Amino acid sequence: AVNLRREWQSVEETVGTAIRAARTALGGAAVQTDLPPELPLVEFDAVLIERVLVNLLENAAKYGAPPIQVSARATDSALELVVRDHGPGLPERLKGREHTLFDKFTRGQAESATPGVGLGLAICKAIVGAHGGDIEAANADGGGAEFTVTIPRRPPPPEPPEPPLADAADAAEPAPPSSS
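Everything numeric here is computed off the predicted structure, so don't read it as measured data.

## Topic: the overall build of the protein chain
1) Next: Along the backbone of the protein chain there are 5 helices and 7 strands.
2) Next: When the helices and strands of the protein chain are read in sequence order from the N terminus, they spell out β-α-α-β-β-α-β-β-α-β-β-α.
3) Next: Counting only residues that meet the buried cut, the protein chain has 37% of its 180 residues in that class.
4) Next: The long-range share in the protein chain, meaning contacts at least 24 apart out of those at least 6 apart in sequence, stands at 66%.
5) Next: On the protein chain, roughly 10800 Å² of surface is accessible, and the fraction owed to carbon and sulfur atoms is 53%.

Here it is, written out as C-alpha cells:
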C-alpha cells in the first residue's frame, strides 16, 4: 500500500529535484527538459512522483543513450510526464507486451550486465496507480524508449481573496486616549 501526501505542487520543481537526485546515476548524460511555463500546479505526492522520475531517469541512463528528455504537459483532466532516451529502445521480445515491464522482477534486458533486480518499474507503477494514474512504455519515434506517466488532475483551488484595505478615513483617525 502506498500512503499519499497529496499537496499542490510545481511540476517544474519536482522535475528539477528528480534530475538533481539522479545526477550520479546519469553520469554526465545530458538531460533536456520541455516544461511549458504555463504548467499549472498539480496535486500529487511530490516525494513519490520524484521517486518515479528518478527511477525512469536512472533506467534511461542504464539502458538508453543521451540525450535524455523529460517533458510535461497538462490537459484539463491530466498531467502527462514523459521520459525518453535515444538508445536501442525496448527489446523486440516485448513488442505487444510492454506492460510486462512493470511486473515485479522483470528486466527489459534479461541478459544485461547492468545490475538490478527489476523492481524499479514495478514501484513506479504502484506509485502512479496510487495516484489514480497510469504508466506506459513504448519505443519512441526515431529510436529510444519512452515512458509516459499520466496523473489525473483537477483544477487548483481558487486563491483566497485578499483582505480588504483599511478605509483611508479610518486609518487617519487617531486612536482614542487610553485611561491610566
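## Some remarks on the sheet that holds strand β2 (residues 31-34)
Each strand in a sheet pairs with another by means of backbone hydrogen bonds, the pair being arranged parallel or else antiparallel.
1) Next: With mixed pairing, 5 strands are arranged side by side in an open sheet as β2-β4-β5-β7-β6. If you trace the sheet from one side to the other, it starts and ends with β2 and β6 (134-139), each paired once. Neighbouring strand axes in the sheet, compared pairwise and without regard to direction, differ in orientation by 15° on average.
2) Next: Taken together, the 6 bridges between strand β4 (residues 68-74) and strand β5 (residues 78-84) define a ladder with antiparallel strand orientation. Note that in β5 the partner of Ser71 across the bridge is Val82.
3) Next: Packed onto the sheet, helix α3 (residues 46-63) meets β2, β4, β5, β6 and β7 (145-152) and runs at close to 25° relative to β5.

## Quick look at the nonpolar core
1) Next: Counting residues in each nonpolar core, the largest one holds 38 residues, and the members touching the most others are Val11, Val15, Leu56, Leu57, Leu81, Phe147 and Val149.
2) Next: If one sorts the elements of this core by residue count, α3 sits on top with 9 residues.
3) Next: When sequence neighbours within four positions are dropped, the list of residues in contact with Val149 reads Val52, Leu56, Leu79, Glu80, Leu81, Val128, Asp134 and Ile135.

## Some details on the confidence of the model for the protein chain
1) Next: Taken as a whole, the protein chain shows an average pLDDT of 83; of its residues, 77% reach a score of 70 or greater.
2) Next: Per-residue pLDDT stays below 50 along residues 105-117; that stretch engages in 28 contacts with residues further than four places along the chain or on separate chains.

## What to know about the pairing of β4
Side chains on a regular strand alternate between the two faces of the sheet.
1) Next: By the bridge criterion, 4 bridges tie β2 to β4 in an arrangement that is parallel. Along β4, the bridge assignment pairs Gln32 with Gln69.
2) Next: Here β4 folds back onto β5 in antiparallel fashion, the turn holding 3 residues.

## Focus: the side chain of Glu43
1) Next: Along the chain, Glu43 falls in strand β3 (residues 42-44).
2) Next: Among the residues examined, Glu43 registers a relative accessible area of 19% and is labelled buried.
3) Next: Contact partners of Glu43, with chain neighbours within four places excluded, come to Arg6, Glu7, Trp8 and Arg154.

## Looking at the packing of helix α1 (residues 11-21) against α3
1) Next: Close contact between α1 and α3 brings their axes to 9 Å; oriented N to C, the two are set at 50°. One finds that α1 runs oblique with respect to α3. For the pair α1 and α3, the crossing hand works out as right-handed. On the side of α1, the interface is formed by Thr14, Val15, Thr17, Ala18, Ile19 and Ala21, while α3 contributes Ala46, Ile49, Glu50, Leu53, Val54 and Leu57.
2) Next: Classifying every residue of the contact of α1 with α3 by side-chain character gives 9 nonpolar, 2 polar and 1 charged.

Conventions and cut-offs
- Residues numbered from 1 in each chain as written.
- Predicted model: local features only at pLDDT ≥ 70, side-chain atom pairs only at ≥ 80, totals over all residues.
- Heavy atoms only, no water.
- Helix = DSSP H or I, 4+ residues; strand = E, 2+ residues; numbered from the N terminus.
- Buried < 20%, exposed > 50% of the residue type's maximum accessible area, 1.4 Å probe, protein only.
- Contact = heavy atoms within 4.5 Å.
- Areas by Shrake-Rupley, 256 points an atom, 1.4 Å probe, with all protein chains shown as cover.
- Pairing = 2+ DSSP bridges.
- Axes fitted to C-alpha atoms, helices over the stretch in contact; angles between N-to-C directions.
- Core = buried A, V, L, I, M, F, W, Y, C linked by side-chain atoms within 4.5 Å.
- pLDDT = per-residue confidence, 0-100.
- Parallel < 35°, antiparallel > 145°, perpendicular 65-115°, else oblique.
- Left-handed = near helix turned anticlockwise from the far one by under 90°.
- Nonpolar A, V, L, I, M, F, W, Y, C, P; charged D, E, K, R; others polar.

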